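# Results of the structural survey
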Amino acid sequence: MHDLLAGIATGLAGGLTAGLLGVSPGGGLVVFSVLLLGAGQHVAQGISLVAQVPPTSLAGIRRYWQSGNRTPLRWIALLTIGFVTGGTAGALAANHVAEPALRWSYVAYLVALDAMLILRGGRDKTEDDNAGAKRDVSSPALLVVGLLAGLSSGFLGIGGGLATVVGLSAVLGIPQHQAQMASLVMSLIPTTIPSAWIYWSEGSLASWPVLTGVIIGLLAGTDLGARAANRIDRTTLRRAMIFFVSLMALYMTFKALW
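Residues numbered from 1 in each chain as written. Predicted model: local features only at pLDDT ≥ 70, side-chain atom pairs only at ≥ 80, totals over all residues. Heavy atoms only, no water.

### Looking at the overall build of the protein
Within the protein one finds 13 helices and zero strands. Starting at the N terminus and walking to the C terminus, you meet the elements of the protein as α-α-α-α-α-α-α-α-α-α-α-α-α. Scored against the burial criterion, the 258 residues of the protein give a buried share of 55%. Here the contacts in the protein between residues at least 6 apart in sequence split such that 87% fall between residues at least 24 apart. By element, 70% of the accessible surface of the protein is carried by carbon and sulfur atoms, the whole surface being about 10,600 Å². (Helix = DSSP H or I, 4+ residues; strand = E, 2+ residues; numbered from the N terminus. Buried < 20%, exposed > 50% of the residue type's maximum accessible area, 1.4 Å probe, protein only. Contact = heavy atoms within 4.5 Å. Areas by Shrake-Rupley, 256 points an atom, 1.4 Å probe, with all protein chains shown as cover.)

### Remarks on a nonpolar patch on the surface
Together, Trp104, Phe254, Leu257 and Trp258 line one region of the surface with nonpolar side chains, adding up to about 550 Å² of accessible area. The exposed category is assigned to Leu257, whose relative accessible area is 56%. (Patch = residues over 30% accessible without salt bridge, like charges linked within 9 Å, V, L, I, M, F, W, Y side chains within 5 Å. Salt bridge = Lys/Arg side-chain N within 4 Å of Asp/Glu carboxyl O.)

### With respect to the confidence of the model for the protein
The predicted model of the protein averages 78 in pLDDT, with 84% of residues at 70 or higher. The least confident element of the protein is helix H7 (residues 131-134), whose mean pLDDT is 48; the most confident is helix H8 (residues 139-156), at 88. Across residues 125-133 the pLDDT falls below 50, and counting only partners more than four positions away or on other chains, this stretch makes eleven contacts in the model. (pLDDT = per-residue confidence, 0-100.)

### Considering helix H9 (residues 161-171)
Across the eleven residues that make up H9, a large majority, ten, are buried. Within H9, the full set of buried residues consists of Gly161, Leu162, Ala163, Thr164, Val165, Val166, Gly167, Leu168, Ser169 and Ala170. Positive phi shows up at Gly173, right after H9, with a value of about 80°.

### Remarks on the environment of Val53
Structurally, Val53 is set in the loop between helix H3 (41-51) and helix H4 (58-66). Between the alpha carbons of Val53 and Ala196 there is a distance of 8.2 Å; along the sequence they are 143 residues apart.

### Examining the side chain of His42
Residue position: His42 is located in helix H3. Here the side chain of His42 touches Ala94 through a polar contact of 3.4 Å, landing on its backbone oxygen. If near-sequence neighbours (up to four positions away) are discounted, His42 is found in contact with Ala94, Asn95, Val97, Ala98, Glu99, Leu102, Tyr199 and Ser204. (Polar contact = N/O pair within 3.5 Å; in protein donor to acceptor, adjacent residues only side chain to side chain.)

### Some remarks on the pattern of salt bridges
By the definition in use, this model includes two salt bridges. With a shortest N-O distance of 3.8 Å, Arg103 and Glu99 are connected by a salt bridge. With Arg103 and Glu99 both in helix H6 (residues 99-121), this residue pair falls four residues apart, about one helical turn. When its relative accessible area of 9% is taken as the criterion, Arg103 is described as buried. Taking the relative accessible area as the measure of exposure, Glu99 reaches 31% and is therefore partly exposed.

### Section: the environment of Val111
Tracing the chain through its elements places Val111 in helix H6. The exposure class assigned to Val111 is partly exposed, which follows from its relative accessible area of 48%. Placed 137 residues apart in sequence, Val111 and Met248 show a C-alpha to C-alpha distance of 9.4 Å.

### Thoughts on the side chain of Ser152
Its location among the elements puts Ser152 in helix H8. If near-sequence neighbours (up to four positions away) are discounted, Ser152 is found in contact with Tyr109, Gly157, Ile158, Gly160 and Ala163.

### Overview of the packing of helix H5 (residues 73-94) against helix H11 (residues 193-201)
The N-to-C vectors of H5 and H11 enclose an angle of 15°; their axes lie 8 Å apart at closest approach. The angle between the axes of H5 and H11 places the two elements in the roughly parallel class. Read as a crossing pair, H5 and H11 show a hand that is right-handed. Where H5 approaches H11, its residues Val84, Gly87, Thr88, Ala91, Leu92 and Ala94 are matched on the opposing element by Pro194, Ser195, Ile198 and Tyr199. Of the residues in the contact of H5 with H11, the class split is seven nonpolar, three polar and no charged. (Axes fitted to C-alpha atoms, helices over the stretch in contact; angles between N-to-C directions. Parallel < 35°, antiparallel > 145°, perpendicular 65-115°, else oblique. Left-handed = near helix turned anticlockwise from the far one by under 90°. Nonpolar A, V, L, I, M, F, W, Y, C, P; charged D, E, K, R; others polar.)

This is the structure in structure tokens:
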């Protein structure tokens, strides 16, 4: 029962951040698994990847859809192709890296994302939220975003949602809400199965009660977070993401040092 309740708390925290920020819950799940479950880095990443196989983001997607946010199917297809390729390669590499190096890689990844979001913020004021729906984003650019998100997902066990949102919004100039919708739709597709299987086969996984609790918490938390996100303007949403990523980076730096 303790494992189940701890798993629910972890999943709820990860789901709330996922729904609010429109990212797959992996980034939050890794940090909350370390913080609330006391899991090691490899196990935390395994929990994150396995918990994202079920379609826990469906409720969050419905909330974004009801608010008028749409994502072209071509974008999803290209992002998925890149994601699966990168995710498999990243997971294979992660199991040959020592835990301290993996944790520092996670910190460096978060700092890089934070910097991109902050630099992007100055360009938000001149953009129209509807511009992204009409923008012709090139296929190679979408494949590269998917590939890099997949690499980060497999190597760091985070689901790749943060990288997808930052890649689409900060690099390709897609409006924030639309980028978040694309990230959540991506998390519906079980793109983490190859990476999750590699972690599973290496024994980097928690007990079934913990995993069950995490999935239950994700279902509830993503819906609640998405409800809140659709009541918040674009600038505030981006600031919330910068704050969340910065907080994760600080905590994981502390864990890496101690």
